[in-house]
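Observations on the model geometry
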2 protein chains.
Amino acid sequence: MPQTDPIRPTDDDARNLAQGLLRGATYGALGVLVDGAPMVTRVAVGMAGADPLILVSTLSEHTRALLADPACSLLVGEPGPKGDPLTHPRLTLQCLAESAEKATHRGAWLDRHPKSKLYIDFGDFLFLRLAVQAAHLNGGFGKAFRLTASDLGAA
Amino acid sequence: MPQTDPIRPTDDDARNLAQGLLRGATYGALGVLVDGAPMVTRVAVGMAGADPLILVSTLSEHTRALLADPACSLLVGEPGPKGDPLTHPRLTLQCLAESAEKATHRGAWLDRHPKSKLYIDFGDFLFLRLAVQAAHLNGGFGKAFRLTASDLGAA
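Keep in mind the model is a prediction, meaning the values are calculated, not measured.

Let us look at the overall build of chain A. Broken down by element type, chain A carries 3 helices and 8 strands. Walking chain A from its N terminus toward its C terminus, one meets helices and strands in the order β-α-β-β-β-α-β-β-α-β-β. Relative to the compact-globule value of 15 Å for 155 residues, chain A shows a C-alpha radius of gyration of 16 Å, a close match. Projecting the C-alpha coordinates of chain A onto the three principal axes gives extents of approximately 55 × 35 × 35 Å. Here chain A, with 155 residues, has 52% of them falling under the buried criterion. Accessible area of chain A: about 7100 Å², with a carbon and sulfur share of 54%. For chain A, the distance from the average position of its 15 positive side-chain charges to the average position of its 16 negative side-chain charges is 6 Å.

What follows is the structure, encoded as structure tokens:
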């Protein structure tokens, strides 16, 4: 029989899996609000402390959307080429986007994303820190957890 | 200099690329609205005519969200294990979720997703057709297009 409440109690295994998915991510799927509807796009991902960091252009619709309404969501945890995508663990973050200094994050970003040196210094590119408010971990079929920012390592 | 309007005129190459990304997708990132904020989760993807089809459980938050507000977005076009995720083409669909008959879509779904036979007949699983309202194709850095449902093959 299917479970009626698929959410399991959060434990250290869930926290470790979630932190590993986030820290190992180089890209993810970003959800923003455009005219009241969700819009999902791909973004490169880095870290700003325990929060994800994105480098985006003001010429992009997702950036304009985040500057108008900072509520967003980021999905990380990409399946490998052979695994079943729906049994591969993934992490959904509920976040609020806030501005982040380019000078502070430029070096670590380029270490993780060396190809972005082609455009990181364009005037239309900026960093946004996605301050985590809550998270949902799906560790595979029937293994779901609700996490807090502190479960993800926030001080 | 960066372009000030990164959107290019839609041509047949863009239409073919977008249709190929959608028809080749076995999974994607779904954006829904939860308490007015976007939430992005991973879903398995099939086709219902020219629209994407998803198989979801009413025990999942994204399903409850779609039944309350059908506005959603689906990102398809997964990078391979070696490519640069941000130069790999991807397609963002703006959709409205509507109910779809399980009997109509069951066979084609199982052909594409044989492992789902483990749960497709559970009473909490249902199909939703994501009727495409508009689409954004990103064919790589600086190659962006706005597409209509008919560009994606809708009759």
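Residue and element names in this part refer to chain A. Given a rise of 1.5 Å per residue, 12 residues ought to cover 16 Å, and the 16 Å separating the end C-alpha atoms of helix 1 (residues 12-23) matches this to within 8%. Among the residues of helix 1, those classed as buried are Ala14, Ala18, Leu21 and Leu22. All buried residues of helix 1 lie within an arc of 95° about the axis, which places them on one face of the element. Pointing more than 90 degrees away from the buried face of helix 1 are the exposed residues Asp12, Asp13 and Asn16.

Of the transformation superimposing chain A on chain B, the axial component is 0.0 Å and the angular component is 180°, with the fit at an RMSD of 0.0 Å. Considering both components of the superposition, the chain copies are consistent with a two-fold axis. The overlap is high: 100% of the interface residues of chain A also sit at the interface in chain B, so the same surface is used on both sides.

This next bit is on empty space enclosed by the protein. With the rule as written, the count across this model stands at 1 cavity of 30 Å³ or more. Considered as a void within the structure, the largest cavity measures approximately 70 Å³ in volume. Of all the secondary-structure elements, those providing two or more residues to the lining of the largest cavity are strand 2 (27-34) of chain A together with strand 2 (27-34) of chain B.

Opposite the 44 residues of chain A that make contact, chain B presents 44 residues. Interface area for chain A against chain B, summed over the two sides, is near 3400 Å², with a carbon-plus-sulfur share of 65%. Taken as a group, Pro38, Val40 and Arg42 of chain A account for 23% of the area that chain A buries against chain B, more than any other trio of residues on that side. Where chain A touches chain B, the interface holds 2 salt bridges. The partner of glutamate 78 of chain B in a salt bridge is arginine 42 of chain A, and the shortest N-O contact between them spans 3.5 Å. Inspection of the region where chain A meets chain B yields 9 residue pairs in polar contact (both at pLDDT 80 or more). Secondary-structure elements contributing two or more residues to the side of chain A that touches chain B are strand 2, strand 3 (37-48), strand 5 (71-76), strand 6 (90-100) and strand 7 (125-138) of chain A. Residue contributions to the side of chain A that touches chain B peak at 8 residues, all from strand 3 of chain A. Looking at the side of chain A that touches chain B residue by residue, the classes come out as 26 nonpolar, 11 polar and 7 charged.

Moving on, we come to the pattern of salt bridges. All names here are of chain A. Scanning the model with the defined rule gives 10 salt bridges over all chains in all. Its salt-bridge partner being aspartate 12, residue arginine 15 comes within 2.7 Å of it at the nearest N-O pair. Taken together, the residues arginine 15 and aspartate 12, both in helix 1 and 3 residues apart, mark about one turn of the helix. Owing to a relative accessible area of 25%, arginine 15 belongs among the partly exposed residues under this scheme.

With that out of the way, let us pick up the side chain of arginine 90 of chain B. Among the secondary structure elements, arginine 90 of chain B is positioned in strand 6 (residues 90-100). A distance of 3.2 Å separates a polar side-chain atom of arginine 90 of chain B from the backbone oxygen of histidine 88 of chain B.

Residues and elements named next belong to chain A. Here strand 3 lies mainly inside the structure; 12 of its 12 residues are buried. Side chains of strand 3 alternate between two faces, with Ala37, Met39, Thr41, Val43, Val45 and Met47 and Pro38, Val40, Arg42, Ala44, Gly46 and Ala48 buried alike. Direction of pairing for strand 2 relative to strand 3: antiparallel, over a ladder of 8 bridges. Counted as the bridge partner of glycine 31 is valine 40 from strand 3.

Once that is clear, we can look at the side chain of threonine 41 of chain A. On the secondary structure map, threonine 41 of chain A appears in strand 3. A distance of 2.6 Å separates the side chain of threonine 41 of chain A from the side chain of histidine 62 of chain A, its partner in a polar contact. What threonine 41 of chain A contacts, discounting residues up to four positions off in sequence, is Gly28, Ala29, Leu30 and His62 of chain A together with Leu75 and Thr92 of chain B.

This part is about the environment of valine 34 of chain B. Mapped onto the fold, valine 34 of chain B is located in strand 2. In this structure, the C-alpha to C-alpha distance between valine 34 of chain B and tryptophan 109 of chain B, residues 75 residues apart in sequence, is 27 Å.

What follows deals with unusual backbone geometry. Residues other than glycine seldom take positive phi values, yet aspartate 35 of chain A does so here, at roughly 55°. With respect to the element layout, aspartate 35 of chain A can be found in the loop between strand 2 and strand 3.

About the criteria used
- Residues numbered from 1 in each chain as written.
- Chains lettered and ligands numbered in written order.
- Predicted model: local features only at pLDDT ≥ 70, side-chain atom pairs only at ≥ 80, totals over all residues.
- Heavy atoms only, no water.
- Helix = DSSP H or I, 4+ residues; strand = E, 2+ residues; numbered from the N terminus.
- Rg over C-alpha atoms; globule rule 2.2 N^0.38 Å.
- Buried < 20%, exposed > 50% of the residue type's maximum accessible area, 1.4 Å probe, protein only.
- Areas by Shrake-Rupley, 256 points an atom, 1.4 Å probe, with all protein chains shown as cover.
- Lys, Arg positive; Asp, Glu negative; His and termini not counted.
- Charge placed at Lys NZ, Arg CZ, Asp CG, Glu CD.
- Expected span 1.5 Å × (residues − 1).
- Arc of directions from axis to C-beta.
- Least-squares fit on C-alpha atoms with pLDDT ≥ 70 in both.
- Contact = heavy atoms within 4.5 Å.
- 1 Å grid on protein atoms, 1.4 Å probe; cavity = no way out; pocket = protein on both sides within 12 Å on 5 of 7 lines; lining within 4 Å.
- Points joined across faces, edges and corners; volume = space filled by probe spheres on them.
- Buried area = accessible area lost by both parts, 1.4 Å probe.
- Salt bridge = Lys/Arg side-chain N within 4 Å of Asp/Glu carboxyl O.
- Polar contact = N/O pair within 3.5 Å; in protein donor to acceptor, adjacent residues only side chain to side chain.
- Nonpolar A, V, L, I, M, F, W, Y, C, P; charged D, E, K, R; others polar.
- Pairing = 2+ DSSP bridges.

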